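So you can see what is in the structure, the chains are spelled out below.
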Amino acid sequence: MKKMPASCDSVLEDIEDIVSAEDLKPQDRQFIRKNVFPKVRKRNSQKNDQTDNDPPSDSIIPGAQKIWVRTWGCSHNNSDGEYMAGQLAAYGYKITDNSAEADLWLLNSCTVKNPAEDHFRNSIKKAQQEKKKVVLAGCVPQAQPRQDYMKGLSIIGVQQIDRVVEVVEETIKGHSVRLLSQKKDNGKRLGGARLDLPKIRKNPLIEIISINTGRVLFCVSVAENLPAHLCFLMQNGCLNACTYCKTKHARGDLASYPIEELVNRAKQSFQEGVCEIWLTSEDTGAYGRDIGTDLPTLLWKLVEAIPEGAMLRLGMTNPPYILEHLEEMAKILNHPRVYAFLHIPVQSASDSVLMDMKREYCVADFKQVVDFLKAKVPGITIATDIICGFPGETDEDFQETVKLVEQYRFPSLFINQFYPRPGTPAAKMHQVPAAVKKQRTKDLSQLFHSYSPYDHKVGERQRVLVTEESFDSNYYVAHNPFYEQVLVPKDPLLMGKMVEVNIYEAGKHFMKGQPVSDARVYTASITRPLAKGEVSGLTGEFRHAPQNGTNQKAHPSAEIPVKTPLGSWMALQLPWQQEGGGLKILSVSLALLAALVMFYYGGMKTEL
């Protein structure tokens, strides 16, 4: 067998001996290189720019998604929804009215009645079926966050709405975040969110202001025997402990906003084109008891800030606390820029039922308030609530309620069939049969619809403030000085204006008016109202900043508080997440590069 020559059989004297005679010499290689011309490819700059700017398909950029906000319940709950929508929009999210196109659903719940909670639960189920991200808010998850249908979902507590951006941001990333704790400052309990947060008003002409806020208590849930945080009772700042309410409060746990903050919020609203202010609270009459002031003092300060042509509407108040201020309240309700309207729930005309409800007043107290105000404030509208079929209510008890309605013929009456709420004392009481509750509700409703409260007003000339569109879109909706609803023609020039009309028709819940041609028209707005969907509470610098697509996020002004970290694991921000992060990264990188170069050349000098 012939031996094959090995490549290492001979010893090379020099490395250059590897080059054979046939190989190119160095000078030949240089000549060939001079005759090589690279082929120039034309770049599609537009396509490349788009590719560079667009994120990978599997990436997530918080602030570029569409959010659908759904709110149930009272006016304070609606205000919370407006605040949350405003903060999300200020951060860069798009608030949409189309739930189908939304990437995330923010569901703001109410726990006063079973039907409202059922709607909330069904919305969660629908969102999950449609593969939507979900964030839960409001009283239902605050009171019972351990419900099975809430497992794995993000929750933002009623006192944490100023951190909604953080919760939404983490939810979009696929995390589940729950903020339910009590706010504290150096161990001291605080109230709810600040009043100067950005918001998107559902109606740009109406500002809803909560005058006080309840503090969430840590207690044992009767239903689950587990720790739970209780939320605000319908509207925040309740001093009562009604046995039928799911979210009752401990007595005295009230936190009123300072008068100065409330007045400043009202002034800011008027500067943004608002012409009607709603004051909301679980009990407006209890305002200021915790900070050494009272409701009349607040109202007189607010009246000074209301421009001509604008109006103030008071929220609900229970009889016990308004009794202390009847004289001053009558004077305020007679003011031309305050609606002569008050919502005073009676719930039942039976003292025994009121005692079982723990309403802390008797029917005589309610009648005293109503009679005094009717005498001192001519034409005042008194609205009230009644619960039919409360546990233990007898036929005699119910008839007392019927007589009360017949006596006062309330123009606005909210009739509710009793629903036992799980975990409440009333749920353990002896229940009235369902058929009896239903019949009593029907009988009282028939009584209410048997009289017409506005027929005698046909032919009157009234001053009305136009603020919204009717549900059927055929009229504009206005209110006269007694907060009675008046439908006027859909003339865009009337919206946000105070005009005089002649009443020519009356229905059960409304009147119809024709504007008087020679009457003076008041423009309440100090400036042009914000557009629908526009964010309130932002500086002009932010509002007019250029928006280059969804990737450019709006930065809150210095007046908006910096968000607090969700937890210690989120407290460390990466450099590019901080303000001026790009410059910081560049500076740090250049410094590291300089250090490496110095180290490298310093090492070479040492070796030499």
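Above this text sits the structure in question.
Worth saying up front: this structure is predicted, and the values here are computed from it rather than measured.

Scanning the protein from N- to C-terminus turns up 17 helices and 24 strands. A burial count over the protein gives 47% of its 608 residues as buried. Taking the contacts inside the protein whose residues are at least 6 apart along the sequence as the reference set, 73% of them involve residues at least 24 apart. Of the roughly 31900 Å² of accessible surface on the protein, 54% is carried by carbon and sulfur atoms.

All right, on to the pairing of strand E23 (residues 511–515) then. As paired elements, strand E21 (residues 485–488) and E23 share two bridges and run parallel to each other. From the neighbouring strand, Val486 faces E23, where its bridge partner is Met511. As judged from the five bridges shared by strand E22 (residues 497–506) and E23, these two strands associate in the antiparallel manner. Counterpart to Val501 in the pairing with E23 is Pro515. Adjacent in sequence and paired antiparallel, E22 and E23 are bridged by four residues.

A few words on the sheet that holds strand E3 (residues 104–109). With parallel pairing, six strands are arranged side by side in an open sheet as E2-E1-E3-E4-E5-E6. Looking at strand neighbours, the two that pair on one side only are strand E2 (94–95) and strand E6 (178–179), the edges of this open sheet. Relative to E3, strand E1 (residues 66–71) runs parallel, the two being bridged by five bridges. Considered in E3, the bridge of Trp68 is made with Trp105. Packed onto the sheet, helix H4 (residues 114–129) meets E3 and strand E4 (133–138) and runs at close to 170° relative to E3. Where helix H6 (residues 164–172) meets the sheet, it contacts E1, E3, E4, strand E5 (154–156) and E6, and its direction lies at approximately 155° from that of E4.

In this model, helix H12 (residues 363–376) (14 residues) spans 20 Å end to end at C-alpha, consistent with the 20 Å of a helix rising 1.5 Å per residue. Along H12, the residues classified as buried are Val363, Phe366, Val369, Val370 and Leu373. For H12, the angular spread of buried residues about the axis comes to 130°, placing them on one side. On its buried face, H12 sits against helix H9 (319–322), helix H10 (326–333), strand E16 (341–343), helix H11 (351–357), strand E17 (381–388) and helix H13 (395–408).

To continue, consider the packing of aromatic side chains. Tallied over the full model, the rule gives 10 aromatic pairs. Their ring planes at 85° and their centres at 5.9 Å tell us that Trp72 and Phe120 sit as a pair that is edge-to-face. Here Trp72, found in the loop between E1 and helix H3 (75–91), pairs with Phe120, found in helix H4; they are 48 residues apart in sequence, far enough to count as distant. The residues Trp72 and Phe120 share a single accessibility class, namely buried. Phe120 sits in the buried class, given a relative accessible area of 0%.

Time to look at helix H14 (residues 434–448). Here H14 spans 21 Å end to end across 15 residues, near enough to the 21 Å set by a 1.5 Å rise per residue. For H14, every residue scored as buried is listed here: Lys437, Arg440, Thr441, Leu444, Leu447 and Phe448. Across the axial projection of H14, the buried residues extend over an arc of 125°, all falling on one side. For H14, the exposed residues lying more than 90 degrees away from the buried face are Ala435 and Lys438. Lining the buried residues of H14 we find E17, H13 and strand E18 (412–417).

Successive side chains on a regular strand alternate, one facing one side of the sheet and the next facing the other. Side chains of strand E20 (residues 476–479) alternate between two faces, with Tyr476 and Ala478 and Val477 and His479 buried alike. Sheet analysis places E20 next to E21, joined by four bridges and oriented antiparallel. Each bridged residue has a counterpart across the sheet, and for Val477 the counterpart in E21 is Leu487. Turn length for the E20-E21 hairpin, with the two strands adjacent in sequence and antiparallel, is five residues, and the turn residue Tyr483 shows positive phi of about 55°.

Of note in this structure, Glu360 is not a glycine but carries a positive phi near 65°. Glu360 gets classed as partly exposed once you look at its relative accessible area, which sits at 40%. For Ser473, which is not a glycine, the phi torsion comes out positive at approximately 65°. Secondary-structure assignment places Ser473 in the loop between strand E19 (461–469) and E20.

Applying the stated criterion across every chain, the model contains 21 salt bridges. One salt bridge in this structure joins Arg201 and Glu272, with 2.8 Å as the shortest N-O distance. On the criterion of sequence distance, the pair formed by Arg201 in the loop between strand E8 (188–189) and strand E9 (206–210) and Glu272 in the loop between helix H7 (259–271) and strand E14 (276–280) is long-range, its members being 71 residues apart. When sorted by exposure, Arg201 lands in the same class as Glu272, which is buried. Two residues, Arg289 and Glu324, come together in a salt bridge whose shortest N-O distance is 3.1 Å. Of this pair, Arg289 sits in the loop between E14 and helix H8 (295–305) while Glu324 sits in the loop between H9 and H10, and the two are 35 residues apart along the sequence. One salt-bridge network, held together by shared partners, links Glu82, Lys199, Arg201, Glu207, Arg265 and Glu272.

By definition, the strands of a sheet pair up through backbone hydrogen bonds, in either a parallel or an antiparallel sense. Here three strands make up an open sheet; going across it, the order is E9-E14-E15 and the pairing parallel. Of all strands in the sheet, those bounded by a partner on one side alone are E9 and strand E15 (311–313). Shown here is a sheet whose adjacent strand axes are inclined to one another by a mean of 20°, direction ignored. Together, E9 and E14 form the strand contacts of H7, whose direction differs from that of E9 by roughly 170°.

Along the chain, Ala506 turns up in strand E22. Residue classification places Ala506 among the partly exposed residues on the basis of a relative accessible area of 22%. Between the C-alpha atom of Ala506 and that of Leu487, which follows or precedes it by 19 residues, the distance is 9.8 Å. Apart from the residues lying within four places of it in its own chain, the contact partners of Ala506 are Tyr454, Asp455, Val458 and Met511.

Let's shift gears to the packing of H12 against H13. Relative orientation of the contacting elements H12 and H13 amounts to 5°, with a least axis distance of 13 Å. Here H13 runs roughly parallel to H12, going by the angle between their axes. Across the interface between the two elements, Phe366, Lys367, Val370, Asp371 and Lys374 of H12 pack against Leu404, Gln407 and Tyr408 of H13. Here the contact of H12 with H13 is built from residues that sort into four nonpolar, one polar and three charged.

Cut-offs and rules
- Residues numbered from 1 in each chain as written.
- Predicted model: local features only at pLDDT ≥ 70, side-chain atom pairs only at ≥ 80, totals over all residues.
- Heavy atoms only, no water.
- Helix = DSSP H or I, 4+ residues; strand = E, 2+ residues; numbered from the N terminus.
- Buried < 20%, exposed > 50% of the residue type's maximum accessible area, 1.4 Å probe, protein only.
- Contact = heavy atoms within 4.5 Å.
- Areas by Shrake-Rupley, 256 points an atom, 1.4 Å probe, with all protein chains shown as cover.
- Pairing = 2+ DSSP bridges.
- Axes fitted to C-alpha atoms, helices over the stretch in contact; angles between N-to-C directions.
- Expected span 1.5 Å × (residues − 1).
- Arc of directions from axis to C-beta.
- Phe/Tyr/Trp six-rings, centres within 6.5 Å; stacked < 30°, edge-to-face > 60°.
- Salt bridge = Lys/Arg side-chain N within 4 Å of Asp/Glu carboxyl O.
- Parallel < 35°, antiparallel > 145°, perpendicular 65-115°, else oblique.
- Nonpolar A, V, L, I, M, F, W, Y, C, P; charged D, E, K, R; others polar.

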